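Tertiary structure, described
Each chain, letter by letter, is given below.
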Amino acid sequence: MKNILKIENITKEYKIASKKVIALNNISLNVQTGDCLAIVGESGSGKTTLGRLILGLENPTKGNIFYNNKNISIKRSIQDRKDIQVVQQNPLTSLNPKNKISSNISLPLKIHKIVKMKSITEKVIELLNSVGLNKDLINSFPSSLSGGQKQRVAIARAIASNPKIIVLDEPTSALDVLVQAKVLKLLSDIQKKYNLTYLFITHDLGVVRNVSNRVVVLKNGEIVEKGETVEVFQRPKHEYTKNLIRSIPVVSIEEEKIKP
Amino acid sequence: MLENILIFWFKFKMNPFSILGLIIVCVVVLITIFVPFITPFPEHAGKVVDFSNMNQPPNNINYFGTDTLGRDVFSRTMFAYRTSFFLSLVVLLIAVPVGIFFGLLGGYFTGLFENILMRIVDVFLSLPALVLAMVIIGLTEHSMTYIMAAISLLWWPWYSRLVYSITKSIKNEDYIAAAKICGASNFHILFFEILPNCLPSILTKITTDLAFVIMIIAALGFVGLGVQPPIPDLGRMTADGMDLVFDSYWLSLFPGLAILFLVVGFNLLGDGLREAFDLDLR
Amino acid sequence: MNSLLSIESLELSFELYKRNLKVLNEINLKLFKGEKIAVVGESGSGKSVMLRIILGILHDKNALIRGKVFFDSIDLRIQKESYMKNHIRGREISMIFQDPMASLNPVFTIRDQITNVIKLKNKNLKKNEIEDIAFEQLKKVSISDIGRVLDSYPFQLSGGMAQRILIIMALMNNPKIVLADEPSTALDVTLQKQALNLMNELTNEIQSAVLLVTHNLGVVREFAERVYVIYRGTIVEEGLIDDIFNNPQHPYTIALLEAVPRLTGNGLPKFDPNPPDYEKIKKFSHPSLSKYYEKYS
């Protein structure tokens, strides 16, 4: 199993109103091909910042990010962009409200020339079908879709460029529990079908327990615990992790019993 | 797509004043297109005099009366609509694209570029348009070209500021980040992701601006810096009639009312558009 | 039955473009003194808008409301606005909203906003009396530097702190009922636990009844005694906590519970790809309720 993504001693600092804020402090972690790595933390933990750095929306202050052993911390090529895509949290803002669904999905198709111009519509329909949506939505605008449907469109857009890694930034946090169940199943199917590596950023430990194989726990910009998901949940080492698990309101007695 | 237009229309017609504005604007537009056919004396918009008929009050032949040169005021007023409309359209056709271009760039690229650009915009915004237009025209010629050039020069910064603020507010939105992550170029993001989101505000502003520019042109005409006679101009006509307002009220009243009619119509339409764009029907 | 709050056949619909949207369908709900109940449903179920109707703060020209909302045998739906403003809101019935940052006025200090609430009950207090009351109340949330917090503006506080202050403000005047609209959803899970514990403590102290509206089943289980499950404006199941979580009867309740990802690691949450029309399946009221209600007769 090789390391598709290597994050080495990453530090990210911001200057806010002449004060230095350290969002990430010397973070290192490896992601293996086929992983679903959960990045867990509360607000202010730095998980969103880490996602942004991996996606190349910002550059780290110190440290390096390697994708397939190529350093992408400062510059990344169009090919690198093609391989690392995103599904964002808020379905209300992740699609351009003024563009049709087909335009939103076909953007990566056009940029990376995935198919010829004349086959774009066909490919968009294929992508819509693979996320369980009807081709009738092609000419609709995001405002006429439900939250769950919008997330599916976002997923279709993410897989359009045939990526290798998808960063999922709280992809189901804004969805109702029944819709979340369907979207999580879709994400799982897609990961298997296209051989993807997932970085699943979330604060929902219930989701983490069931979708990820490895987990990293962040607190105030630092890693406090990392390891195999089953291990971290059954035998958490750090007090913060234990506290997080204890604080979850669960729906069954069995779950109460396994809390630390 | 059709569904969205119908929903917009539903929201728009919720306010009866918006409908009124729309009707007025439609009437004005129809007038400007069909003016030679609907006026009884189209030639009076040109170099014609008829002293036998001068200073007639409104009657069955001359609905708005005649002026000191015997020309039909009604026909001239309708033609003057054409002049004003044409001038303001050209002004906006120049000012809007230029303004959008600089607004997008200034809002998206931060740093020195943004600062310099926006300070230039600030300079133009702080100058009173009417006064400066008067100065420019006074120093040059009273031709249509110079009037349009002067007003365009003063008008584009308003669109820059509008587009600048919208660009700044949406450039950190998720879908813009998603476009960057897809690998979209800055050009694509500016013109195909950000600009479409500015269009509702721009369209609304164009509608109310049409009226505003027409008022400025009328004001210029009023002080004698507008288009030269015999081209009919609402402001000029109003001014010329001011001396005789107690005897021949129709000379100032009707061109003045024509300005009012047009400005109210565009403002109501613009307000209606803005409300309909803002309204969230849930 | 002497219920403190009784909603009878409440209906709500909106006149929209081309259609009439029915949001609440003959809602019947009771709340007794000191009770903690939850109304759980997904978004669009109408649960939040129901709270606004109780307080009479649903301002929508297109809204059509029918039915009665009895508070201590007075139908709130037919009361004048002045009655609602001076007697009910913030005094007999108070509300805690979802987003603490959106509920506090950004241009006034915490002191100003707490003062407003204190004055609702007694307009004639002097400044130092008000300050004493504010201090006393904030002590309950173990805030270390109360003076600094009172001087602060909302944006200077963390989300958790702001929510605790909101909870205090809602309970300060000893309301008979507290309506809570997703009070912890915007908070991190550790802060959520704190906020709910605080609500529990304070409402127990003053014997105030709580109507909690949420989509989070875990929160319901930890906080409430009795539950209404709502689907698209219709109540589909009603029961005590144990019944609902250990023996759910309505297919929708069962579906909701199955869809919650479990800490025990049972795998991806299950769902029915072809669910039945939940609204058409009859409402289920657990039989143990009749014995429970006898307590309040």
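Below or above, wherever it landed, is the structure these notes cover.

Definitions and cut-offs
Residues numbered from 1 in each chain as written. Chains lettered and ligands numbered in written order. Predicted model: local features only at pLDDT ≥ 70, side-chain atom pairs only at ≥ 80, totals over all residues. Buried ≥ 20, exposed ≤ 12 C-beta atoms within 10 Å, placed from the backbone. Helix = DSSP H or I, 4+ residues; strand = E, 2+ residues; numbered from the N terminus. Pairing = 2+ DSSP bridges. Axes fitted to C-alpha atoms, helices over the stretch in contact; angles between N-to-C directions. Parallel < 35°, antiparallel > 145°, perpendicular 65-115°, else oblique. Left-handed = near helix turned anticlockwise from the far one by under 90°. Contact = placed C-beta atoms within 7 Å. Nonpolar A, V, L, I, M, F, W, Y, C, P; charged D, E, K, R; others polar. Core = buried A, V, L, I, M, F, W, Y, C linked by C-beta atoms within 7 Å.

Another point: helix α9 (residues 234-242) of chain B. Here α9(B) lies mainly inside the structure; eight of its nine residues are buried. For α9(B), the set of buried residues is B:L234, B:G235, B:R236, B:M237, B:T238, B:A239, B:D240 and B:G241.

Another point: the sheet that holds strand β11 (residues 284-285) of chain C. All names here are of chain C. Strand order in the open sheet formed by seven strands is β6-β7-β8-β3-β9-β10-β11, and the pairing between neighbours is mixed. Both edges of this open sheet fall to β6 (93-96) and β11, since each of them pairs with a single strand only. Pairing analysis gives four bridges linking β6 to strand β7 (residues 177-181), with the strands arranged parallel. If you follow I93 over to β7, its bridge partner there is I177.

Quick look at the sheet that holds strand β6 (residues 84-87) of chain A now. Residues and elements named next belong to chain A. Pairing is mixed across the open sheet formed by six strands, whose spatial order is β6-β7-β8-β3-β9-β10. The outermost strands of the open sheet, each flanked by one partner alone, are β6 and β10 (222-228). Geometrically, the sheet is characterised by an average inter-axis angle of 20 degrees between neighbouring strands, direction not taken into account. Across five bridges, the pairing between strand β7 (residues 165-169) and strand β8 (residues 197-202) is parallel. Residue V167 lies in a different strand from β8, and its bridge partner there is L199.

To continue, consider the packing of α9(B) against helix α10 (residues 250-278) of chain B. Residue and element names in this part refer to chain B. Contact geometry for α9 and α10: axes closest at 7 Å, N-to-C directions at 150 degrees. The orientation of α9 relative to α10 falls into the category roughly antiparallel. For the pair α9 and α10, the sense of crossing is left-handed. The residues of α10 that touch α9, namely those facing L234, M237, T238, D240, G241 and M242, are L251, S252, P255, G256, A258 and I259. Grouping the constituent residues of the contact of α9 with α10 by class yields seven nonpolar, four polar and one charged.

Within the largest apolar cluster, 161 residues are counted, with the highest numbers of intra-cluster contacts made by A:I39, A:L199 and A:F200. In terms of residues, this core owes the most to one element, helix α7 (residues 159-171) of chain C, which gives eight residues. Aside from chain neighbours lying at most four places away, what touches A:F200 is A:C36, A:L37, A:A38, A:I39, A:L168, A:V211 and A:S212. If you look at the next biggest cluster of nonpolar residues, it comprises 62 residues, including B:V28, B:W156, B:I216 and B:F266.

Residue and element names in this part refer to chain A. Its identity is not glycine, yet N9 carries a phi of approximately 50 degrees, on the positive side. Its place among the elements puts N9 in strand β1 (residues 3-16). Among the residues examined, N9 registers 12 C-beta atoms within 10 Å and is labelled exposed. The residue N26 is not glycine, and still its phi comes out positive at about 55 degrees. Within the secondary structure, N26 is located in strand β2 (residues 19-32). N26 sits in the partly exposed class, given 14 other C-beta atoms within 10 Å.

With that settled, the discussion passes to the environment of A:L109. All names here are of chain A. Its place among the elements puts L109 in helix α3 (residues 101-111). The class for L109 is buried, based on 23 C-beta atoms found within 10 Å. In the structure, L109 is positioned 27 residues away from K82 in sequence and 9.8 Å away in space, judged by C-alpha atoms. When sequence neighbours within four positions are dropped, the list of residues in contact with L109 reads I114, V115, I120, K123 and A160.

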